[in-house]
Amino acid sequence: VQGTGGSSAVSKCSAAARGYIQDRFLRLLVGRRRRRAPLVHRGYYIRARAVDHCVQDFLLKTQSHPRTQILSLGAGFDSLYFRLKDMGLLHHTVVYEVDFANVACQKATLIKRMKELSALVGDIGGEGLGVITFSGEDYKLLGVDLSELSELERALDEAGLDNEIPTLFIAEVVLTYMENSRSDALIQWAAEHFSQACFLLYEQMHPEDPFGRVMQQHFSQLNSALHSLAQYPDCEAQQRRFFEKGWTECSIMDMNEFFTCCTPEDEQQRVQALEPFDEYEEWHLKCSHYFVLTASKGMEPSWTPLLSNMTVPHRDGPVMMAGSITAAVCAMHSEISGLRRYGHHSVLIKPNVILTTGGFGEEDGQHCRMRNFHVLIKHAGYWKAGCVKKENPDKRWDERLYHTVSCLSNSLALVVGGRTSPSSAGLGMLWLKFPETYNASDTDDITVELVSLQPPAEPAALRWRHSTTEVTFKGEKYLFLYGGRSAVEPVLGDWYFLHTQELSCTVIPVGGPVPESRHSHSACSWKGGVLIAGGLGAAEQPLGSVFFLRELEHGFQWETVETHPPLIPRYSHTAHVHDGKLLLVGGVWFHSSSVPGITVIDLMTGLCLDYAINVEHLEWPLMLHNHSSTFLPNEKELLLIGGGGNCFSFGTHLNPEPVLLNLSNILTSH
C-alpha cells in the first residue's frame, strides 16, 4: 500500500513537469523522477484537479469562520499543504496529515532538510513527541495507522484537532486499501465526532466490467487489493454508504462528468493540447472507473462543490437492454498470438478469408506495433489462423495503427492512412495484391504483395481513425474517405471521393446538413451511399448522431437518420449493415453502469435497441474497443478479432482469442 503512494507521487511529479498541474513542491518531496506516459499524466491531472477544486471550495465557503481545519488521511508525500500555504489560502486553517509512521518520519526529515519547505512551515518544535513527527503552527504531521481508530483519535487529540470547527477530511485513494469494517467506522466516526464536517473521497469503482477486472487484478498483484469495490461498486452504493454513516448531504460524479462539467472549456483545451495523445478510449474508461464524492453535515450554508455553477447532467439510469447475445470463443484449428492486437484492421478478402493487418499487439512474445499480416480461413466448419507471407518484404509496411483496408477486387485491396506514433505525420496509401485462387485448407497458400503508389499518395490520405467506404456514383465506384484525425488536427470533418481506378480525388457535389467533425466513428456502404454513426467529436466528447450520405442524380446529399430512443453517444465501435438494419458493435460510451454490446438500428423505422453481450463462457475480460469485426451473413454471425488497449497504469490488455457472436435471434424478421 505504501508503494502505491510512492508511485502516485512520482506520477504527479511527472504530470507537473509537463505542465498539467502547477506544483513546484512535488519535486522536493519525491526522490525519484520518471517520465510517465501522457495517459498517466491525464489520469493524475484529473485527480489533482478534483481534489483542488473541492479543497479550495471548502476554504472559500468557510472563510468567514475564525478557524477551520483540514485532515488529510493517508497523505503520503502529497504537497497540498505547501501549495495552499504558498497561495496564501491558510490564514486561519490548520492542516493535519496522517500516514504510516515510517512514511510520516521520512516526510518530516525531508521537510527539515529542504529550506524551501521548512521556511514555509516555520518549525515550532514539539515533534518527536510520540506520533507527531512534525509540528508547525498550521501544519501537523502524524504517524498513525488509519485502521486503528482509537489510536488515531488519541493522536489527533494530542495534536490539537478541534471537533467543534469546520473540518474537511480528505481521502484520496486511501480507504479502499482498508478492510470495509474499518473504513466504514472511520467515515462514521468523522460524522459523529465533528459538528461541522465535510468529507472528500476519490477512489475506484465498477470492478466487474472488463476494464474494472483488469484494474482489480493489477492492485491484487501489487498486494494492495481494493477492498471497497465488492461492497460499494458504484456511485449509488457509495452515496448510500455516507448517508447510512451519518452524513446529511452527499454528491458524487465520475471523472468523465467532472472533466465535462467542473472543468472550464479553455482548461480542457489547454490540457488536451499539452502532449501528442491518442489513447482516448483508455482515458475515458479510466475516468468512468474513478469517482469524486463530497459529503457534509452541520455546514451552514451547505457545502456542495460538485454542484457549483455548472449544471451536472442528470446521471442517466442503467441502459435498457432489449436482451443479450452470448459470446463464444471461436473454435480454431491453430493457435497464433498474432490476433492479440488492437488498432488493427480486418477485411474479408474472399468468402471465408479474413486478412488482418497492423495495430499494436503481441508478436514473438513481445508487445509491439505489428509487422506481420495474419489470415483466418474457414474450412469444413473450423477457422484456421496463419501468418501471411509478404512478397518483397523490404518495402516498408510502416507498422501502422488506425488505418483502413478496402477490398477493391478479388485480388486487390487498398490501405489508406494510419500512423506510427501520434506525434508523427499520418501515412499514405499502399496496394495489397493477393492471389485470385488459393487452397482453402492451407493458410500458408496466401501471399500478399505490397505495392507502393506511383505517384505518391494524395495528401488526403495522411490521417488516421478515419473511414473509407465504397460508394457508387453514376455507375462508377469510388472510395469515400471521411473524418479521422492527423498530427496537426485533433479531429477532421472533411471528405474525399477517390476514384478506385486512378486513385485521384474527384469532386462530386454534396448537399444537406454537414456532420460535425469526428474520428473513431463507423462507416458502412448502403444503397450506393454511406452510413456514418457515432465517433469522437471536437471536444473529445462521444457523438450519438447517425448520417446517411445518399446518392442523388447530380451528387450526394447528407441526411440525418433519426433514432428512437436516441442512440447513446459512443465511439471506437465497428458496424455492419444487414437486411435494412445497422449493427453497432462494442465501443466506448460515458454510461459507466454498463459497457456497449450490440446496438441494432432499424433503418426503416429508426427503432434503436441495445443488447448486452453475455460473457459467462469467456474466462477473460472482453474489451470491445479498437477491435475489428467481420459479419458472416450466411451464418448471421459476427467474428470479433482483437481489441483492448493500454489500461492506464494497470497494464496492457489484449483479448486473447477471436470471439463469435450468433445474431440469428436478434436478426430474424419480426
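Only a predicted model underlies this, so the values are computations on that prediction, with no experimental measurement involved.

Summarise the sheet that holds strand 4 (residues 139-143); cite the residues concerned and give the values.
The mixed open sheet is built from eight strands, whose spatial order is 3-4-2-1-5-6-8-7. Edge positions in the sheet fall to strand 3 (132-135) and strand 7 (249-254), since each of these pairs with one other strand and no more. Pairs of neighbouring strands in the sheet enclose a mean axial angle of 15 degrees, with direction left out of account. The sheet contact formed by strand 1 (residues 68-73) and strand 2 (residues 93-99) spans six bridges and is parallel. Note on strand 2: the bridge partner recorded for I70 is V95. Contacting strand 1, strand 2, strand 5 (167-172), strand 6 (197-204) and strand 8 (290-297), helix 3 (residues 38-61) crosses the sheet at an angle of about 175 degrees to strand 6. On the sheet, helix 11 (residues 235-244) packs against strand 6, strand 7 and strand 8 and is oriented at approximately 160 degrees with respect to strand 7.

How would you sum up the nonpolar core? Please name residues and give values.
With 80 residues, the main nonpolar core has V55 and V292 as its most contacted residues. Among residues more than four places away in sequence, those in contact with V55 are I70, L80, L84, L168, I170 and L200.

Report on the side chain of H521, specifying residues and quantitative values.
Note that H521 resides in the loop between strand 26 (510-511) and strand 27 (522-526). Among the residues examined, H521 registers a relative accessible area of 7% and is labelled buried. One polar contact links H521 to S467, side chain to side chain, over a distance of 2.9 Å. Discounting chain neighbours no more than four positions away, the residues touching H521 are R465, H466, S467, Y482, G483, G484, I532, A533, G534, G535 and H573.

Kindly report on unusual backbone geometry, identifying the contributing residues and their values.
In the segment running from E300 into P301, the intervening peptide bond is cis, with an omega of -10 degrees. Among the secondary structure elements, P301 is positioned in the loop between strand 8 and strand 9 (323-329). Omega for the bond connecting H564 with P565 falls within 30 degrees of zero, at -5 degrees, which places this linkage in the cis form. A positive phi is found at N352, a non-glycine position, where the angle reads about 65 degrees. Turning to its location among the elements, N352 is positioned in the loop between strand 11 (345-350) and strand 12 (353-357). At S520, a residue that is not glycine, the phi angle is positive and equals roughly 55 degrees.

I'd like to hear about the packing of aromatic side chains, residue by residue, with values.
Under the defined criterion, the tally for this structure stands at 31 aromatic pairs. Seen in terms of ring centroids, Y81 and F82 are 5.1 Å apart; in terms of plane orientation they differ by 80 degrees. Their pairing is edge-to-face. Of the two residues, Y81 and F82, neither departs from the other in class, the shared state being buried. Between F277 and Y280, the ring centres sit 5.6 Å apart and the planes meet at 85 degrees, which makes this aromatic pair edge-to-face. Taken as a pair, F277 and Y280 share a single burial class, namely buried. One aromatic cluster is present, built from ring pairs that chain together F473, F480, Y482, W495, F497, F547, F556 and W558. K286 extends its terminal NZ or CZ atom over the ring of F648, reaching a point 4.9 Å from the ring centre.

Go over the domain arrangement of the protein, please, and point to the residues and values.
Under the domain assignment used here, the protein contains domain 1 (49-294) and domain 2 (323-662). Inter-centroid distance (C-alpha atoms) of domain 1 to domain 2 is 43 Å. Between domain 1 and domain 2, the contact holds 27 residues from the first and 36 residues from the second. Counting the surface domain 1 buries against domain 2, the share from its top three residues, D278, Y280 and E281, is 24%. Across the pair R465 and E281 runs a salt bridge, and its minimum N-O distance is 2.8 Å. Taken together, the links from domain 1 to domain 2 amount to 17 residue pairs in polar contact (both at pLDDT 80 or more). Those elements that provide at least two residues to the side of domain 1 that touches domain 2 are helix 9 (210-221), helix 12 (255-262) and helix 14 (280-288). If one sorts the elements of the side of domain 1 that touches domain 2 by residue count, helix 14 sits on top with eight residues. Taken together, the residues of the side of domain 1 that touches domain 2 break down into twelve nonpolar, seven polar and eight charged.

Let's hear about the environment of R83: which residues, and what values?
Positionally, R83 belongs in helix 4 (residues 80-86). With residues up to four places along the chain from it excluded, the contact list for R83 reads Q22, D23, F25 and D52. Within the structure, the side chain of R83 is placed 3.1 Å from the side chain of D23, a separation counted as a polar contact.

Report on the packing of helix 7 (residues 149-159) against helix 8 (residues 180-193), specifying residues and quantitative values.
In contact at an axis separation of 11 Å, helix 7 and helix 8 are set at 40 degrees when each is read in the N-to-C sense. Taken together, helix 7 and helix 8 sit at an angle that is classed as oblique. Considering only the axes of helix 7 and helix 8, their crossing is right-handed. Residues L149, L152, E153 and L156 of helix 7 form the contact with helix 8, whose own contacting residues are A185, L186, W189 and H193. Looking at the contact of helix 7 with helix 8, its residues break down into six nonpolar, one polar and one charged.

Before we move on, could you go through the pattern of salt bridges and cite the residues and values that matter?
Side-chain pairs of opposite charge can arise whenever the charged atoms involved come near each other. Summed over all chains, the structure comprises 29 salt bridges. The salt bridge partner of E267 is R49, with a shortest N-O separation of 3.5 Å. Of this pair, E267 sits in helix 13 (residues 265-272) while R49 sits in helix 3, and the two are 218 residues apart along the sequence. Residue classification places R49 among the partly exposed positions, given a relative accessible area of 24%. For R67, the salt bridge identified is with D162, shortest N-O distance 3.1 Å. Taken together, the residues span a long stretch of sequence, with R67 in the loop between helix 3 and strand 1 and D162 in the loop between helix 7 and strand 5 at a distance of 95 residues. On the basis of relative accessible area, R67 is assigned to the partly exposed category, the value being 44%. Three or more residues joined by partner-sharing salt bridges are found here, namely D278, E281, R419, R465 and R485.

Before we move on, could you go through the sheet that holds strand 15 (residues 374-379) and cite the residues and values that matter?
Spatially, 11-12-15-16 is the arrangement adopted by the four strands of the open sheet, whose pairing is antiparallel. At either margin of the open sheet sits one strand with a lone partner, and together these are strand 11 and strand 16 (382-387). Taking the axes of each pair of neighbouring strands and ignoring which way they run, one obtains an average angle of 25 degrees across the sheet. In terms of strand pairing, strand 12 meets strand 15 through four bridges, oriented antiparallel. Bridging across to strand 15, I354 finds its partner in L376.

Parameters and conventions
Residues numbered from 1 in each chain as written. Predicted model: local features only at pLDDT ≥ 70, side-chain atom pairs only at ≥ 80, totals over all residues. Heavy atoms only, no water. Pairing = 2+ DSSP bridges. Helix = DSSP H or I, 4+ residues; strand = E, 2+ residues; numbered from the N terminus. Axes fitted to C-alpha atoms, helices over the stretch in contact; angles between N-to-C directions. Contact = heavy atoms within 4.5 Å. Core = buried A, V, L, I, M, F, W, Y, C linked by side-chain atoms within 4.5 Å. Buried < 20%, exposed > 50% of the residue type's maximum accessible area, 1.4 Å probe, protein only. Polar contact = N/O pair within 3.5 Å; in protein donor to acceptor, adjacent residues only side chain to side chain. Phe/Tyr/Trp six-rings, centres within 6.5 Å; stacked < 30°, edge-to-face > 60°. Lys NZ or Arg CZ within 6 Å of the ring centre and 35° of its normal. Domains from an automatic or database assignment. Buried area = accessible area lost by both parts, 1.4 Å probe. Salt bridge = Lys/Arg side-chain N within 4 Å of Asp/Glu carboxyl O. Nonpolar A, V, L, I, M, F, W, Y, C, P; charged D, E, K, R; others polar. Parallel < 35°, antiparallel > 145°, perpendicular 65-115°, else oblique. Left-handed = near helix turned anticlockwise from the far one by under 90°.

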